[in-house]
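Structural overview
Below, each chain spelled out in residue letters.
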Amino acid sequence: MRRSSALISTICAPALVLGCADDDDAELQVFAAASLHSVLAEIAEIYTEETGTEVQINAAGSSTLVEQLSHGAAADVLATADETTMEQAVESGLTSGDPEVFAANHLVLITPPGNPAEVQGLSDLQDSAVDTVVCTPQVPCGAATARLADSAEVGIQAVSEETSVTDVLGRVRSQEADAGLVYATDALQAVGEVEALELPGAAEDPNYYPVALLEGASSAEAGMEFIDFLLTNEQAQQILQEAGFTEVDR
Amino acid sequence: MRSSWTRPPGWVLLPALLGAAVVLLPVIGMLSRLDWAAIPELLTSESSLAALRLSLWASAAATVLCLLLGVPLALLLAAAAANPNRFRAAGLLRSLVLLPLVLPPVVGGLALLYTFGSQGLLSGALEFFGIRIAYTSVAVVLAMTFVSMPFLVISVETALRGLDRHLLEAATVDGASRTQVLRYMVLPLLSPALISGAVLAFARSLGEFGATLAFAGSMQGVTRTLPLEIYLQRETDPDAAMALSLLLIMVAVLVISLAYSRSRSTWQQ
């Protein structure tokens, strides 16, 4: 049963606009950043077990979610991959109550197995002989990349600036690129297919993942309860850390 | 005789208008969202101009490639289809050539990556000759050619089948070589189909997104075409994305109307 609800959420995610969300079982609609999809599905399973409230997750890029919400999509909770996108939601009056940070994620350098271009650190990415792929500065992972490169005073010579972090992972995974910058959580998903290298300063300047109750929530109470669960439940926090997210001091 | 056919029964009006609405309403919806005052500024940003420039020349290059390779392919297909012994082979080849029409463009992009990428099928040969395709504008042109080729092949092959074979055979009997028949009879007769096929190929290239994204990458001035720029702008600035979409529509409408007005005059000659 639990599986089937996760399956429905996966199938419905792209079709949400078409009204696929009208599921009587789902009492809680969670809009979550794509990078949160699998962890939140796992956390939601435990939450449903404990509270009996079914959770439906719609996963997409953070800015796509905010766009969908501002065009009238109905949901109870929003979790984004960075604070800037959440601020947009707050400014558009989509949220009710203040957003709270529940996890952090930082950039790591990934290479194909064996590190064919012998990349040792950020400064090696200045070499145009190394095919480096990064996120474009307009998206959260790209903004983090630009911050990191600036503070290290490194001018990265990228061959491609992808719109999504999964595309960066894909290019390194398929060995079409020698190096890429992705989140620690992404690198963990491709263990064995990519080698990850921690970068000095990256963990100290992470992306924060905020969660907020939405103004149009059909059940504010259930929404708050889920947010609390996400922030304080030990199992929930453990799932996040196993996926590569780091704990946030509150 | 022909006029009775060109005037359809009155009842087609309703579905015809609905058909037009399906295509036009979303465009009108988009136009209604545009911030017209901000458009000049949005369109003349450096990234927009770089994307437009790349889209235009890469689409033109892809169209030329489609013409150079697609016309011979269509000639071959039409000849094989006319020969009862090779009819089946022609059908099979045709369905394979038309594959990009049904393939999701992203899949096409992945297919190109597994062929021309640094780990792809031809990586050894490409490396030997020092040719690099991935992450270059060549990859963009290749992706566009891949998705656009069927449009040209269909147009030209359909027109070829409509040619008067007796006329062409008569020319051969009169001593014209096959190349001469092709050069002085077939190609001129085909010119409306060549133009419409080329326009379709150009328009398809201009709108190409998925294969380029999956295969070529995204880098300003090198691989980030107008559709990729729109997709990127959508992340942060939906108004800019809408303005760029308007630009894409205007370019496409301009090219299509120019080409069709020319091909109509060719018809009338």
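Cut-off values and rules
- Residues numbered from 1 in each chain as written.
- Chains lettered and ligands numbered in written order.
- Predicted model: local features only at pLDDT ≥ 70, side-chain atom pairs only at ≥ 80, totals over all residues.
- Heavy atoms only, no water.
- UniProt positions renumbered as here; feature names shortened; annotations may be inferred.
- Pairing = 2+ DSSP bridges.
- Helix = DSSP H or I, 4+ residues; strand = E, 2+ residues; numbered from the N terminus.
- Axes fitted to C-alpha atoms, helices over the stretch in contact; angles between N-to-C directions.
- Contact = heavy atoms within 4.5 Å.
- Expected span 1.5 Å × (residues − 1).
- Buried < 20%, exposed > 50% of the residue type's maximum accessible area, 1.4 Å probe, protein only.
- Arc of directions from axis to C-beta.
- Phe/Tyr/Trp six-rings, centres within 6.5 Å; stacked < 30°, edge-to-face > 60°.
- Domains from an automatic or database assignment.
- Buried area = accessible area lost by both parts, 1.4 Å probe.
- Polar contact = N/O pair within 3.5 Å; in protein donor to acceptor, adjacent residues only side chain to side chain.
- Nonpolar A, V, L, I, M, F, W, Y, C, P; charged D, E, K, R; others polar.
- Disulfide = S-S within 2.5 Å.

An unreviewed UniProt entry lists chain B under the name Molybdenum transport system permease, with Nesterenkonia sedimenti given as the organism.

The name that an unreviewed UniProt entry assigns to chain A is Molybdate ABC transporter substrate-binding protein, with the source organism given as Nesterenkonia sedimenti. Under Sequence similarities (unreviewed entry), UniProt gives the following word-for-word description of chain A: "Belongs to the bacterial solute-binding protein ModA family."

What to know about the sheet that holds strand β5 (residues 107–111) of chain A
All names here are of chain A. Here 5 strands make up an open sheet; going across it, the order is β7-β6-β8-β5-β9 and the pairing mixed. Of all the strands in the sheet, just β7 (158–162) and β9 (195–198) have a single pairing partner and so form its edges. Strand-to-strand twist across the sheet, computed as the mean angle between neighbouring axes with direction ignored, equals 30°. The pairing of strand β6 (residues 132–135) with strand β8 (residues 179–183) spans 2 bridges and is classified as parallel. Residue pairing in the sheet places Thr 132 in a bridge with Ala 179 of β8. In the packing of helix α5 (residues 140–151) onto the sheet, contacts are made with β5, β6 and β8, and the angle to β5 comes to roughly 95°. Against the sheet, helix α6 (residues 165–173) touches β5, β6, β7 and β8, its axis set at about 140° to β8.

Digging into the UniProt feature "transmembrane region" (unreviewed entry) in chain B
Within this numbering scheme, the UniProt entry marks residues 12–34, 54–80, 92–114, 134–160, 181–203 and 240–260 of chain B as carrying the feature "transmembrane region" (unreviewed entry). Annotated as 91% helix and 0% strand, the span residues 12–34 of chain B places its first and last C-alpha atoms 33 Å apart.

Remarks on α5 of chain A
Residue and element names in this part refer to chain A. If you check α5, its first and last C-alpha atoms are 17 Å apart, about what 12 residues at 1.5 Å a residue would give, namely 16 Å. Restricting attention to buried positions, one finds in α5 the residues Cys 141, Gly 142, Ala 144, Thr 145, Leu 148 and Ala 149. Angular distribution of buried residues about the axis of α5 spans 160°; they occupy a single face of the element. In α5, the exposed positions that point more than 90 degrees away from the buried face belong to Asp 150 and Ser 151.

Section: the UniProt feature "binding site: molybdate" (unreviewed entry) in chain A
Residue and element names in this part refer to chain A. Taking the UniProt record as the reference, the feature "binding site: molybdate" (unreviewed entry) is found at Ser 35, Ser 62, Val 165 and Tyr 183. Within the element layout of this structure, Ser 62 appears in helix α3 (residues 62–70). In this structure Ser 62 touches Ala 33, Thr 80, Ala 81 and Thr 85, once residues within four positions along its chain are discounted. Positionally, Tyr 183 belongs in strand β8. Once residues within four sequence positions are removed from consideration, Tyr 183 is found in contact with Asn 105, His 106, Leu 107, Val 108, Pro 140, Cys 141, Val 165, Asn 207 and Tyr 209.

Section: the packing of aromatic side chains
Residue and element names in this part refer to chain A. Following the criterion strictly, the structure yields 6 aromatic pairs over all chains and no others. With centroids separated by 5.0 Å and ring planes inclined at 85°, the aromatic side chains of Tyr 47 and Phe 226 adopt a geometry described as edge-to-face. Residue Tyr 47 is found in helix α2 (residues 37–51), and its partner Phe 226 is found in helix α8 (residues 220–232); the two are separated by 179 residues along the sequence. Phe 226 shares its class with Tyr 47; the two are buried. Summarising the aromatic geometry, the rings of Phe 102 and Tyr 209 are spaced 6.4 Å apart at their centres and angled 80° between planes, so their arrangement reads as edge-to-face. Taken as a pair, Phe 102 in strand β4 (residues 100–105) and Tyr 209 in strand β10 (residues 207–213) lie far apart in primary sequence, 107 residues in all. Assessed through its relative accessible area of 0%, Phe 102 is described here as buried. Judged by relative accessible area, Tyr 209 falls into the buried class, the value being 0%.

Brief notes about the sheet that holds strand β2 (residues 55–60) of chain A
Residues and elements named next belong to chain A. An order of β2-β1-β3-β10-β4 is seen for the 5 strands of this open sheet, with the pairing classed as mixed. Lying at the two open borders of the sheet, with one neighbouring strand each, are β2 and β4. The mean angle between the axes of side-by-side strands here comes to 20°, regardless of whether they run parallel or antiparallel. Bridge count between strand β3 (residues 77–79) and β10: 3 bridges; the pairing is antiparallel. Counterpart to Val 77 in the pairing with β10 is Leu 213.

Section: the domain arrangement of chain A
Residue and element names in this part refer to chain A. For chain A, the assigned domains read domain 1 (2–104 + 207–242) and domain 2 (107–198). Across the contact, 6 residues belong to domain 1 and 6 residues belong to domain 2. Here domain 1 meets domain 2 over a buried area of about 480 Å², counting both sides, of which 45% is carbon and sulfur. In this structure, the connection of domain 1 to domain 2 is made through 2 residue pairs in polar contact (both at pLDDT 80 or more). Its residues placed into classes, the side of domain 1 that touches domain 2 shows 1 nonpolar, 3 polar and 2 charged.

Considerations on the pairing of β5 of chain A
All names here are of chain A. Within β5, 5 of the 5 residues are buried, which leaves the element mostly enclosed by the surrounding structure. Here β5 pairs with β8 via 4 bridges, running antiparallel. Opposite Ile 110, over in β8, you have Gly 180 as the bridge partner.

Side note on the state of the cysteines
Residues and elements named next belong to chain A. By the definition in use, this model includes 1 disulfide over all chains. Note that Cys 135 is cross-linked by a disulfide to Cys 141, the S-S spacing being 1.9 Å. In this structure the cystine formed by Cys 135 and Cys 141 twists about its S-S bond by roughly -95°; its chirality is therefore left-handed. On the accessibility criterion, Cys 141 (4% relative accessible area) is buried.

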